[in-house]
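Breakdown of the fold
Next come the chains, spelled out residue by residue.
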Amino acid sequence: MAADYLQRYEENDDGLRFQDLVYTGNFVGMEPVPDGILGDRIMKSRATSGVLERVGIDAVREDEFSIAELNDLNNYLAWNIWDVLVMRATEGASGMIPRQEYELLALMHEFYRWPELLDMTTTEIGTQGVIDLGASSRSEIGTKINAVHDWAIGAVGFGMGRCALLALEAIKPDDYIAESSTILKFMQRVLWGKRQDGWILNSQDRYRCQIHTPKFLDSLLPAIEPLEPGSPAHDALIHFNAAAELLSFLDHFDCRLGLGDTGPYELPNGNVLIIRDLFCNEDAYHWSDVCDHENVPHCYTVILEIDPQGMGLQEIRVNDISTTFTRPKNYIPHVVGGAIFVREKWDTPIADVYPVPIAELAPRLTGIQNATFKLYTKLSRMCRRQLITNGMYVYYVGMILPHLRRAGTYEKACVDYDFWEIDQRISNYYYEIGKRDFAKVTVPNKIFSGAGYLPFSENADRRRSKYFWG
Amino acid sequence: MSGGKLIGEGYNCFETEKQAQGTVLYLPDPSAVISLIQSGKLKDHVLLAQGGTTTFLAPALSMGAIGVITLSGAPESHLGILSREFQIPCIMTAYLVSSEARYVTGGENDAHFDEVIEGLNGKNVRLNCTDGETGLIELID
């Protein structure tokens, strides 16, 4: 099969469909929307403001969104969430971690608590400072200021958080408009600063996340070792990549925050690069002590050089939760080069990030495997309540932790804003979400059908908060 | 290699010529996973798990599982992604071809799960994962 993936980047190309399902959301009575490049185009065409087009820095610096812009972002994020997650709705029970429960509590908590934390951070470092947070990732690897964390600010904290609270009837559609704008502005500024091409989401750019500067990319290329598929060195890199990815998921309670892909970057020889950060040891979490004991660093960055001709590549998506999917699905046999870099701590200077030759990976793989087994054993002994609480922290704290750390506001958030406390309303919801299948059926249906992302009223006051509980 | 009798199907996580073959072992809880690892017989079995998440099977994947079947989930699930990265043949949301019952998202699936577990557990099977969309579970005599 000939590789025609480059056609996906032509203006009128609709891309491939990765699934048979279609999306309706708030567009009842209109043609359902598919996934992928075509879906993005349709969603943009239904916007009533310019917020989904390429935007300039003046728009990004505006203090707040109009109601029309908020509704366009709400609708687009709802489709985008469906686009990347709907097939995962079939995932079912974990058997290990009550993920639906912790996710639901955390995303509602985020909607309540993040606005003042993000507002405080913006006050401390300024609007340009927030944009510069995003820009910092253009010349770094091993940074959690990445697609999935940045996306999560708006998609999870605003989009899904508001959706769930509406479903719980804890809020009404026109509550917390000002706070919604605060969350989305922070997301927009970070993503805009990271991409600097006017788009904010990978799906808006045909699923490309080509954020690194050419100069920075060039500095990584000499570490790439050529690999013969099926050779011991190829197997070593592939197994290391998989084992580190597994530990990164486990350390983040089976959520996607441990993984961060960027790319695809096209090389002069026609091959494509995926640059993958695998965050195997997040020291903010107490259970990561087992990773310390095995000398597992904060991040392993795996660089994969893929031969698109050899695999007959038809489409490659680096989606907004930082994950790469291809058609055909299996790119692993077509990895023809690779490299591993290490960032020991989250704040290790980029100049101190170092490569590890593939021939020297074996003891590091053993450390990863040992940490995985120890962490699994530790988690298997935690009670359900502990698992849910810890999972909440991974979402609620972890999604904005990189931004607050880099901004220098993390300590202030902890000391002055009780960052690690759990809001009493959320604590009470813990007892509600298990009733009438609210966590397992009601909210997933609202999120994945798109029916729960109710719009703001056209004439609502965009400074409106919530002052009445009833 | 000649094909065995087709007894089940599901989403194929990735295309591969590798054909995992072994006795299906249903793993109901984390202690069963730990026991299997400690038994040293991990590679004798095609693992059957309920969910499509990664954490439940984490040490088994890391230590060299040969094949995985799940009762729910899709290739976009974490387990689907990891099976691709490890190159472990994996068929998700499996069902028996002899039955009309199928997994329903958000529905009551216990009876369906019980039926699939009973139909697969202990059977010597081969996973045929060459097709881009559908994985085949074949019974080996």
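Worth saying up front: this structure is predicted, and the values here are computed from it rather than measured.

1. Focus: helix α6 (residues 177–195) of chain A
The α-helix advances 3.6 residues per turn, and as a result positions three or four apart in sequence lie on the same side. Helix length check: α6(A), at 19 residues, gives a terminal C-alpha distance of 27 Å against a target of 27 Å (1.5 Å per residue), a fit within 8%. The buried fraction of α6(A) is high, at 18 of 19 residues.

2. So, the domain arrangement of chain A
All names here are of chain A. Once the domains are mapped, chain A shows domain 1 (21–207 + 383–449) and domain 2 (214–380). The gap between the C-alpha centroids of domain 1 and domain 2 is 25 Å. Of the residues lining the interface, 30 residues belong to domain 1; the matching set on domain 2 comes to 28 residues. Every element with two or more residues in the side of domain 1 that touches domain 2 is listed here: α3 (67–85), α5 (147–167), α12 (384–396) and α13 (401–407). Class assignment for the residues of the side of domain 1 that touches domain 2 results in 14 nonpolar, 11 polar and 5 charged.

3. So, the environment of B:Ser62
With respect to the helices and strands, the residue B:Ser62 is situated in helix α2 (residues 58–63). Overall, B:Ser62 belongs to the buried group, with 26 C-beta atoms counted inside 10 Å. A sequence separation of 71 residues divides B:Ser62 from B:Glu133, and the C-alpha atoms of the two residues are 25 Å apart. Contacts of B:Ser62, omitting those with residues within four sequence positions, involve A:Ala243, A:Leu246, A:Gln369 and A:Thr372.

4. Topic: the packing of helix α4 (residues 99–136) of chain A against α12(A)
Residue and element names in this part refer to chain A. Direction vectors running N to C along α4 and α12 enclose 45°, while the axes themselves pass 8 Å from each other. One way to sum up the angle between α4 and α12 is to call them oblique. Here the hand of the crossing between α4 and α12 comes out right-handed. On the side of α4, the interface is formed by Arg99, Glu101, Tyr102, Glu103, Leu105, Ala106, Leu107, His109 and Glu110, while α12 contributes Ile388, Gly391, Met392, Tyr395 and Tyr396. A breakdown of the residues in the contact of α4 with α12 according to their chemical character gives 8 nonpolar, 2 polar and 4 charged.

5. Focus on the interface of chain B and chain A
At the junction of the two partners, chain B supplies 39 residues and chain A supplies 36 residues. Only α1 (30–39), α2 and α3 (78–86) of chain B provide two or more residues apiece to the side of chain B that touches chain A. Counting residues per element, the side of chain B that touches chain A draws most heavily on α3(B), at 6 residues. Residue composition of the side of chain B that touches chain A, grouped by class: 16 nonpolar, 18 polar and 5 charged.

6. Topic: the sheet that holds strand β1 (residues 5–12) of chain B
Residues and elements named next belong to chain B. Taken in spatial order, the 7 strands line up as β1-β5-β4-β3-β2-β6-β7 and close into a barrel, and their pairing is mixed. Across the sheet, the axes of successive neighbouring strands diverge by a mean angle of 40°, strand direction being ignored. Helix α4 (residues 110–120) rests against β1, β2 (21–26), β3 (45–49), β4 (68–70) and β5 (90–96) of the sheet, and its axis sits at about 105° to β5.

7. Here's the deal with unusual backbone geometry
Residues and elements named next belong to chain A. Going from glycine 263 to proline 264, the amide bond is cis rather than trans, its omega being -5°. With respect to the helices, strands and loops of the structure, proline 264 is situated in strand β2 (residues 259–266). For arginine 206, which is not a glycine, the phi torsion comes out positive at approximately 55°. Tracing the backbone shows arginine 206 in the loop between α6 and α7 (214–220). Phi angles above zero are rare outside glycine, and phenylalanine 253 is one such case at about 55°.

About the cut-offs
- Residues numbered from 1 in each chain as written.
- Chains lettered and ligands numbered in written order.
- Predicted model: local features only at pLDDT ≥ 70, side-chain atom pairs only at ≥ 80, totals over all residues.
- Helix = DSSP H or I, 4+ residues; strand = E, 2+ residues; numbered from the N terminus.
- Expected span 1.5 Å × (residues − 1).
- Buried ≥ 20, exposed ≤ 12 C-beta atoms within 10 Å, placed from the backbone.
- Domains from an automatic or database assignment.
- Contact = placed C-beta atoms within 7 Å.
- Nonpolar A, V, L, I, M, F, W, Y, C, P; charged D, E, K, R; others polar.
- Axes fitted to C-alpha atoms, helices over the stretch in contact; angles between N-to-C directions.
- Parallel < 35°, antiparallel > 145°, perpendicular 65-115°, else oblique.
- Left-handed = near helix turned anticlockwise from the far one by under 90°.
- Pairing = 2+ DSSP bridges.

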